[in-house]
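Structure at a glance
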Amino acid sequence: MDFTCLEMDDSDQLAATCHSDPQGLVMQVLDATSPLGFPIGAENAIQRFDEAAYQQMASYRDQLHDFTYLRLTELLTSRENLRNFRAFASVMHGGTYAEDEEVHAEVAEDAPQTQDGNEKAAEQSVQRQPAEVASKDGTMKAALRGTACV
């Protein structure tokens, strides 16, 4: 089973107009399937690159069989967004946000540069590089068509 909306937080919802409970819904599904040993795959529903969304998704890490990150777009390749994503991917593979500073330093060092300083070209080169990521069972998968299995 693949479930979505892991990046959504209850506080993101407008209390006056929305009565949704995304965190409660995710927990209800996880609690119902866990005793049965039913493997749950999950994904983000909307395009967000902020640390709060990444931390929300990572909070479910231990209960997931695999995770698919949707929305690998050009926006992801901006320096700040890529830095946040790289820290998130590290956490999903067992790292911690305490290691975040090391990851941020690596991204700054690894960021593609062009001779004429054209940041757009540098960002596009990142987008075209295939990403390999591991699922919980240790198998490697590649990012394809704007989707990465983490």
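The preceding data block contains the structure.
These lines cover the structure that appears in this document, whether it is placed above or below. (Residues numbered from 1 in each chain as written. Predicted model: local features only at pLDDT ≥ 70, side-chain atom pairs only at ≥ 80, totals over all residues. Heavy atoms only, no water.)

The next subject is the environment of Asp-2. Tracing the sequence through the fold places Asp-2 in strand E1 (residues 2–4). The partly exposed category is assigned to Asp-2, whose relative accessible area is 47%. C-alpha separation for the pair Asp-2 and His-65, spaced 63 residues apart in sequence, amounts to 9.7 Å. Once residues within four sequence positions are removed from consideration, Asp-2 is found in contact with Gly-41, Ala-42 and Glu-43. Within the local environment of Asp-2, its side chain forms a polar contact with the backbone nitrogen of Ala-42, the two atoms lying 3.2 Å apart. (Helix = DSSP H or I, 4+ residues; strand = E, 2+ residues; numbered from the N terminus. Buried < 20%, exposed > 50% of the residue type's maximum accessible area, 1.4 Å probe, protein only. Contact = heavy atoms within 4.5 Å. Polar contact = N/O pair within 3.5 Å; in protein donor to acceptor, adjacent residues only side chain to side chain.)

Okay, the pattern of salt bridges next. Counted according to the given criterion, the structure contains 3 salt bridges. Where Arg-48 meets Asp-50, a salt bridge forms, and the shortest distance between an N and an O atom there is 2.8 Å. The class for Arg-48 is buried, based on a relative accessible area of 18%. Note on Asp-50: relative accessible area 28%, which makes it partly exposed. For the salt bridge of Glu-80 with Arg-83, the shortest nitrogen-to-oxygen distance reads 1.8 Å. Of the two residues, Glu-80 and Arg-83 are both situated in helix H3 (residues 79–92); the distance of 3 residues between them amounts to about one turn of the helix. (Salt bridge = Lys/Arg side-chain N within 4 Å of Asp/Glu carboxyl O.)

The next thing to look at is the packing of aromatic side chains. In total, this model carries 7 aromatic pairs according to the counting rule given. With 5.8 Å between their ring centres and 75° between their planes, Phe-67 and Phe-88 make a pair best called edge-to-face. Here Phe-67 is found in strand E3 (residues 66–70), whereas its partner Phe-88 is found in helix H3, with 21 residues between them in sequence. Grouping residues by exposure puts Phe-67 and Phe-88 together as buried. (Phe/Tyr/Trp six-rings, centres within 6.5 Å; stacked < 30°, edge-to-face > 60°.)

Right, let's talk about the nonpolar core for a bit. Of all hydrophobic cores here, the largest spans 21 residues; its most connected members are Leu-6, Tyr-54, Leu-64, Phe-67, Tyr-69 and Phe-88. Taken together, the elements giving at least two residues each to this core come down to helix H1 (22–33), helix H2 (51–58), E3 and H3. Per-element accounting of this core gives the leading share, 4 residues, to H3. (Core = buried A, V, L, I, M, F, W, Y, C linked by side-chain atoms within 4.5 Å.)

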